[in-house]
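Analysis of the macromolecular model
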Amino acid sequence: MGEPQTLSFERYRKTEVFRKPTAENVRECELCFRAFDKDKDGFLNNQEFHAFCGEVLSDSKKSYNISIEQTNSIFRLLDTNKDEKLDLSEFKTAWFYWLRQVLDCKSALIVVDMQNDFIDGSLAVRNCPAHEDGTAIIPTINHLLESVPFDAVVYTADWHPADHCSFVDNVQLREIHETSKIKADNAQVMDTVVFASPDMFEQKLWPAHCVQDSYGAELHPDLKVVENHILIRKGLDPDVDSYSAFWDNSKKSATPLVSELARRHITDVYICGIATDVCVEFTSMDAIEHGFRTVLIEDACCGVSEEGIKETKTKLKEAGAVLVQSAEVPDLVNCQDRPPQLAYQAAVNVAMATKAARSMDNIHNNMT
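What follows deals with the overall build of the protein chain. On a plain count of helices and strands, the protein chain comes out with eleven helices and eight strands. Here the protein chain, with 368 residues, has 51% of them falling under the buried criterion. Look at the contacts in the protein chain between residues 6 or more apart in sequence, and 71% of them connect residues 24 or more apart. Carbon and sulfur atoms provide 50% of the accessible area of the protein chain, an area that totals close to 17,300 Å². Here the protein chain carries 37 positive and 59 negative side-chain charges, and the mean point of each set is 6 Å from the other.

So, in structure tokens, the structure goes:
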């Protein structure tokens, strides 16, 4: 590959060039750096980086009208020594860590709680205030599973003991804290109570659902279940609820999901299922916190209330998630569609990892 006048990043998409710093891959990195270093001063300034991003952040169907403000926000994260320019060393870091996420992403689909009780049973979302039908999103999820080459597929499932604290019928089993506005005698579904023990905690009450080994806890029979999937069961502790696929609600106990995704080198998670404003939201927020580029598939989700769904989408966008329709997913997974929002999230992840590595170096140096 000779030095190009104009680089087409399509040739790098889903290739080995970002995966290991071999001599050939470093050479490609250096060729790219020189191609965009227009003033030949050995650095990329913010204007040169803006031109670079204009080539990288596009897809085969549209070109993003990316602003200088957007590229500057990425530039500042990759400029690790904060001298307002990228030297070759910083660009190499960006090449093997930032661009790898942009052009060679590894993607997982997380199918949240598509269980009988949430679709046709005791806590069917169609009976909640938003009246969204869980069966309606099954064909959309199945089509994604059949047509998109995800690197991993995760199914999550509530798996509650019969005496779980979230069940309204169990409200009498635990002491109500004196600060609770709702008392045990008049507690109803969707009320929030404050339990006094084992530690004081707030709990939203639901009908009994997804009890261990019950039909209601099984995945819906019409949902496609792929081979070699990851199954994450949550809510096993009777005294702690667990909306997220990553953590229980108290953040005291983690599931194996982070380690399962890390073992497969996953960079991006696509989240769908039930319910948008409960378990989907908590899972998405934790995915962002753990450094995964997070995509919510809007037409493959159902929620509890219209207000809650709207608030969730606003919260996720503000946190850095991207909201898409299922038809957009294939190009994103194949790195053909490379939106600026996901590129920014990738830069955030690189900056976080760089900061953590430096902290570890400082600790090591102080110990030696």
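The next thing to look at is the environment of P21. Following the sequence through the fold, P21 ends up in the segment before helix 1 (23–36). When sequence neighbours within four positions are dropped, the list of residues in contact with P21 reads V26 and F96.

All told, the structure shown has three cavities of 30 Å³ or more when counted by the stated rule. Approximately 140 Å³ is the volume found for the largest cavity. Taken together, 15 residues make up the lining of the largest cavity; nearest its centre are F118, L123, W206, V278 and C279. Its residues placed into classes, the lining of the largest cavity shows eleven nonpolar, two polar and two charged. As a volume, the second largest cavity reaches approximately 60 Å³. Elements that contribute at least two residues to the lining of the second largest cavity include exactly strand 6 (268–274) and helix 11 (340–367). Residue composition of the lining of the second largest cavity, grouped by class: eight nonpolar, no polar and four charged.

Residues F201 and Q203 line the buried face of strand 4 (residues 201–204), whereas the alternating positions E202 and K204 sit on a face that is not buried. Bridge count between strand 3 (residues 192–195) and strand 4: four bridges; the pairing is antiparallel. Opposite V194, over in strand 4, you have E202 as the bridge partner. Once strand 3 ends, the chain turns through five residues before running back antiparallel as strand 4.

Moving on, we come to the sheet that holds strand 5 (residues 230–234). What the six strands build is an open sheet, ordered 5-2-1-6-7-8; its pairing is parallel. Whereas interior strands pair on both sides, the edge strands pair on one side only; in this sheet they are strand 5 and strand 8 (322–324). Direction aside, the axes of adjacent strands within the sheet are offset by 25 degrees on average. Two strands pair when backbone bridges link them, and strand 2 (residues 152–158) and strand 5 are joined in this way by five bridges, in the parallel orientation. Bridging across to strand 5, V154 finds its partner in I230. Set on the sheet, helix 6 (residues 138–147) makes contact with strand 1 (107–112), strand 2, strand 6 and strand 7 (293–302); between it and strand 7 the angle comes to about 135 degrees.

Scored by pLDDT, the protein chain has a mean of 93; 94% of the residues are at 70 or more. Across residues 1–6, confidence stays below pLDDT 50; counting only partners more than four residues off in sequence or on other chains, it has eleven contacts.

Evaluation of the coordinates by the stated rule reveals 18 aromatic pairs. Taking 5.8 Å as the distance between ring centres and 55 degrees as the angle between the ring planes, the aromatic pair formed by F9 and Y12 counts as tilted. On the accessibility criterion, Y12 (1% relative accessible area) is buried. Relative to F91, the ring of F52 lies with its centre 5.5 Å away and its plane at 70 degrees, an arrangement referred to as edge-to-face. Remark: F91 occurs in helix 4 (residues 88–103) and F52 occurs in helix 2 (residues 46–56); sequence separation between them is 39 residues. The class of F91 is buried, set by a relative accessible area of 1%. By way of ring pairs, the aromatic residues F9, Y12, F18, F33, F36, F49, F52, F75, F91, W95 and W98 are connected into one cluster. A cation over an aromatic ring shows up here: K38 above the ring of F36, its NZ or CZ 6.0 Å from the ring centre.

About the thresholds
Residues numbered from 1 in each chain as written. Predicted model: local features only at pLDDT ≥ 70, side-chain atom pairs only at ≥ 80, totals over all residues. Heavy atoms only, no water. Helix = DSSP H or I, 4+ residues; strand = E, 2+ residues; numbered from the N terminus. Buried < 20%, exposed > 50% of the residue type's maximum accessible area, 1.4 Å probe, protein only. Contact = heavy atoms within 4.5 Å. Areas by Shrake-Rupley, 256 points an atom, 1.4 Å probe, with all protein chains shown as cover. Lys, Arg positive; Asp, Glu negative; His and termini not counted. Charge placed at Lys NZ, Arg CZ, Asp CG, Glu CD. 1 Å grid on protein atoms, 1.4 Å probe; cavity = no way out; pocket = protein on both sides within 12 Å on 5 of 7 lines; lining within 4 Å. Points joined across faces, edges and corners; volume = space filled by probe spheres on them. Nonpolar A, V, L, I, M, F, W, Y, C, P; charged D, E, K, R; others polar. Pairing = 2+ DSSP bridges. Axes fitted to C-alpha atoms, helices over the stretch in contact; angles between N-to-C directions. pLDDT = per-residue confidence, 0-100. Phe/Tyr/Trp six-rings, centres within 6.5 Å; stacked < 30°, edge-to-face > 60°. Lys NZ or Arg CZ within 6 Å of the ring centre and 35° of its normal.

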